[in-house]
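Residues per chain, in single letters:
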Amino acid sequence: MQTQYYIQKLGNNPITTFPKTVTLGITTTTNSTLISDLGKGRKIVDATKSYVYGNVIGTGSSVSTVGLTTGGSNYVTDSSVDTYNITGNGSGLVLNITASSVGIITGTPVIVNPGNGYSVGDIVGIVTATVGTGSSVRGRDARITISSILGLDTLYLGNVQGGSFTTGSLLNYYNNSGTLVSLASTTIRTIVNGSNENSGNYMRVNHFDHGMYANNNIVRISNVESSTAPVPLVSALTSSSASISVAAGDTSNFGIFEGISVSENNLGYVKIGNEIIKYNGVGSQTLTGITRGIDSTIQIDHDQSSLVYKYELNGVSLRRINKTHNISDFDIGMDGYYVEIDRSANGTNMPQLQFASEGTFGGSKVTATENILYSSIVPTYDLITPGSKTSVSANIRSVTGTSVDGSETSFSDNGFEPIQLNSLNTLKSIRVICSKENETEYLSGLARNKSFTTGITLSTTDPNLSPIIFLDTAFTEFISSRLNSPISDYSSDNRSNLILDDPHAAVYVSKAVKLVQPATSLKVILSAYRHESADFRVLYSLSRPDSSEIDQSFELFPGYDNLKYTTSAGYSVLDSSKNSGRPDNFVSSSLDNQFKEYEFTADNLSLFNGYVIKIVMSGTNQAYPPRIKELRTIAIRW
């Protein structure tokens, strides 16, 4: 039996567009009037290429003074430590820090390198790897606030259009009166163009469980709707019509297409019903020079008052969007992916084409092709095998898939393997049923390019008896686990500590446990199957006697790599900044269906009278998700 591919209807407005961003380093100015003039929203223009422009979304400069907001813990006194941004976009700030005997930063850090691009109020942290040496590298949770800056040396631009700015070009901008101002003494020193989604021609597709996790997947997107409000026809459009008639004043949005005036050299497109129509001129009430049935759409008559949509999304022709794309090779998520818009396809492209702004679009009818990942199947067939002389056997032919965050190769032929009908069959690797586009592209060596085939053999030793299969009720259930691996270092990445927006696809959170007597120690004991490709971490959240509810964040258990055990004092934490959520002792990965016991301990806690346990599961092979049973918790007071 051969499978049929299908196309998924996406959620409402599943397309997010991203404009181009640019960071301009400019000649430092301390002129307060100019600094005010170059504030947020100001339009900046390249003096040598007037079609290249962007709007200021932020400014910055080198740091003049800083203030210590939070001293953190477990630091050592050191010089020339690097910083990272908690808020803001500056770079290059280097500090000397002084730590107390208990590891808290004291006093005001001394600026060694003031960096560039910082704003007053930005908050930075200390890069732990630059504090101390060897085993002394440590520290967490310091917060340093930028108190003042020296003038202005950086412009952060969004909604950039036209291409790239020019190094050494004069800085031009439009003032409040709309007059172009040229600054003879201020030039563009450095240019950093946005990358990936900030390049101006990427869009994010929100697509639940799409199954296309290898970067060589192909996806066909259809039915994305215009972001421009439609206008009605004022007269019917028939096969003999030479132009499209709309009401006076309603042609204003149609004169510009993809940022350029419509002409014979830069065509515009509209959609009426399901028909796409090309035009090359705009009159006071008409779109002229029309060509019907573009992109193989069907030419039909359209009644008066039919809606005319500009076939464009946020400044980009929908002919570049409603088509087949290669999935981009960055940030492929379990429920979404990026695609790059081809700037050179379907017409002219001068100046460089960009999305006009960030926003969510598409409407309610967007569809996209997808794959189906699976690691288990239940082939269900209504069978009759009369007598002991008849039998039925089955096998499947499948192709390889790629797990979320996995490294498996997709689209390789697995060949045939035996399966049991009407039973759960657990496979040893992730498999994929491909979309038609992927089957056509990659599976030319398989019969009919199909990515899944079920073969059933009917056997008998009696010429008067035969097994019977009722194909009208046959179906196969494909099963996979939602498992990803979003965090590589739990001690430095605190996203798993969040109540909401945890990036793990597999999360367990217990009900709140209330204690009659307060406790100071918490232990979690559980049994788990964990394949070598998988992992899980355990966290806790406490409520205190002086609070009315559970804290709104979780804390990782210390982990065997951050614990020291003595018979007199029990477990003690070596460095609270390096809690990992691992068990108290190392536990090797499991064999097939082997469950091992894990213990997690947090001692010497402040008094608490309630707690919640959280378990986050991860892995790079969706065929082997962690499985947990026999979860027990103990809270005591030493």
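Up top is the structure these notes are about.
Below is a short write-up of the structure. Everything numeric here is computed off the predicted structure, so don't read it as measured data.

What counts, and where the lines are drawn
- Residues numbered from 1 in each chain as written.
- Predicted model: local features only at pLDDT ≥ 70, side-chain atom pairs only at ≥ 80, totals over all residues.
- Heavy atoms only, no water.
- Pairing = 2+ DSSP bridges.
- Helix = DSSP H or I, 4+ residues; strand = E, 2+ residues; numbered from the N terminus.
- Buried < 20%, exposed > 50% of the residue type's maximum accessible area, 1.4 Å probe, protein only.
- Contact = heavy atoms within 4.5 Å.
- Patch = residues over 30% accessible without salt bridge, like charges linked within 9 Å, V, L, I, M, F, W, Y side chains within 5 Å.
- Areas by Shrake-Rupley, 256 points an atom, 1.4 Å probe, with all protein chains shown as cover.
- Salt bridge = Lys/Arg side-chain N within 4 Å of Asp/Glu carboxyl O.
- Phe/Tyr/Trp six-rings, centres within 6.5 Å; stacked < 30°, edge-to-face > 60°.
- Lys NZ or Arg CZ within 6 Å of the ring centre and 35° of its normal.
- Axes fitted to C-alpha atoms, helices over the stretch in contact; angles between N-to-C directions.
- Lys, Arg positive; Asp, Glu negative; His and termini not counted.
- Polar contact = N/O pair within 3.5 Å; in protein donor to acceptor, adjacent residues only side chain to side chain.

All right, on to the pairing of strand β12 (residues 180-193) then. Remember that side chains alternate between the two faces of the sheet whenever the strand is regular. Inspection of the sheet shows strand β3 (residues 20-29) paired to β12 by five bridges, in the antiparallel sense. Within β12, the residue paired with valine 22 across the bridge is asparagine 193. The sheet contact formed by strand β11 (residues 170-174) and β12 spans five bridges and is antiparallel. Looking across to β12, one finds that tyrosine 174 is bridged to leucine 180. Linking β11 back to β12 in an antiparallel pair, the connection comprises five residues, with glycine 178 at a positive phi of about 85 degrees.

Summarising the element assignment, tyrosine 53 is placed in strand β5 (residues 53-73). Residue class for tyrosine 53 comes out partly exposed when judged on its relative accessible area of 27%. Each C-alpha atom of the pair tyrosine 53 and glycine 162 lies 6.8 Å from the other, and the pair is 109 residues apart in sequence. Ignoring anything within four residues of it in the chain, the contact list for tyrosine 53 reads Lys43, Ile44, Val45, Asn159, Val160, Gln161 and Phe165.

Before going further, it helps to spend a moment on a nonpolar patch on the surface. Taken together, the side chains of Ile384, Ile468 and Phe470 define a hydrophobic patch exposed on the protein surface, amounting to about 230 Å² of accessible area. Summarising the element assignment, isoleucine 384 is placed in strand β31 (residues 372-384). Residue isoleucine 384 is classed as partly exposed on the basis of its relative accessible area, which comes to 37%.

With that settled, consider the packing of aromatic side chains. The tally for this structure, following the rule as stated, stands at 16 aromatic pairs. Of the aromatic side chains, those joined through ring pairs into one cluster are Phe536, Tyr540, Phe557, Tyr598 and Phe600. Between the NZ or CZ atom of lysine 43 and the centre of the ring of tyrosine 53, over which it lies, the distance is 4.2 Å. Above the plane of the ring of tyrosine 529 lies arginine 627, whose end atom (NZ or CZ) is 4.6 Å from the centre.

Attention now moves to the sheet that holds strand β13 (residues 202-206). If you walk across this open sheet you meet the four strands as β28-β13-β2-β29, and the pairing is antiparallel. Looking at the sheet topology across the chains shown, the edges are occupied by β28 (336-340) and β29 (359-361). Strand-to-strand twist of the sheet, defined as the mean angle between neighbouring strand axes without regard to direction, takes the value 30 degrees. Examined bridge by bridge, strand β2 (residues 15-18) and β13 share four bridges and lie antiparallel to one another. Looking at β13, one finds that threonine 16 is bridged to arginine 204.

As for its placement among the helices and strands, lysine 20 is situated in strand β3. One buried charged residue, lysine 20, forms no salt bridge at all, with the nearest opposite charge on aspartate 46 at 10 Å. Look past the residues within four positions of lysine 20 in its chain and what remains in contact with it is Leu157, Gly158, Asn159, Val160, Gly163, Ser164, Asn193, Asn198, Ser199, Gly200, Gln352 and Gln354.

Turning next to the pattern of salt bridges. The full count for this structure, using the stated rule, is 19 salt bridges. Aspartate 335 serves as the salt-bridge partner of arginine 482, at 2.8 Å between the closest nitrogen and oxygen. Highlighted residues: arginine 482 in the loop between β36 (468-479) and β37 (506-509) and aspartate 335 in the loop between β27 (324-326) and β28, separated in sequence by 147 residues. The exposure class of arginine 482 is partly exposed, given its relative accessible area of 31%. Of the residues examined, aspartate 335 reaches a relative accessible area of 25% and is grouped as partly exposed. In this structure, the salt-bridge partner of glutamate 599 is lysine 523, at a minimum N-O distance of 3.4 Å. Here the residue glutamate 599 occupies a position in strand β44 (residues 596-602), and lysine 523 occupies one in strand β39 (residues 521-529), the gap between them amounting to 76 residues. Through salt bridges with shared partners, a single network forms among Asp209, Asp335 and Arg482.

Moving on: the pairing of β31. Where β31 meets strand β34 (residues 425-433), five bridges bridge the pair, whose relative direction is antiparallel. Across the sheet, the residue bridging to tyrosine 374 is arginine 431, located in β34. With eight bridges joining them, β31 and β36 adopt antiparallel strand pairing. Among the inter-strand pairings, isoleucine 384 is bridged to a residue of β36, identified as isoleucine 468.

Another point: the sheet that holds strand β14 (residues 218-222). If you walk across this open sheet you meet the four strands as β1-β30-β14-β27, and the pairing is antiparallel. Because the sheet does not close on itself, it has two edges, and the strands there are β1 (7-9) and β27. On average, adjacent strands in this sheet sit at an angle of 30 degrees to one another, irrespective of strand direction. Where β1 lies against strand β30 (residues 367-369), three bridges are found, and the strand directions are antiparallel. Across the sheet, residue glutamine 8 finds its bridge partner in β30, namely alanine 368.

Turning to the side chain of threonine 145, a few remarks are in order. Mapped onto the secondary structure, threonine 145 falls in strand β10 (residues 140-161). Within the structure, the side chain of threonine 145 is placed 2.5 Å from the side chain of threonine 69, a separation counted as a polar contact. Among residues more than four places away in sequence, those in contact with threonine 145 are Val66, Gly67, Thr69, Gly121, Asp122 and Ile123.

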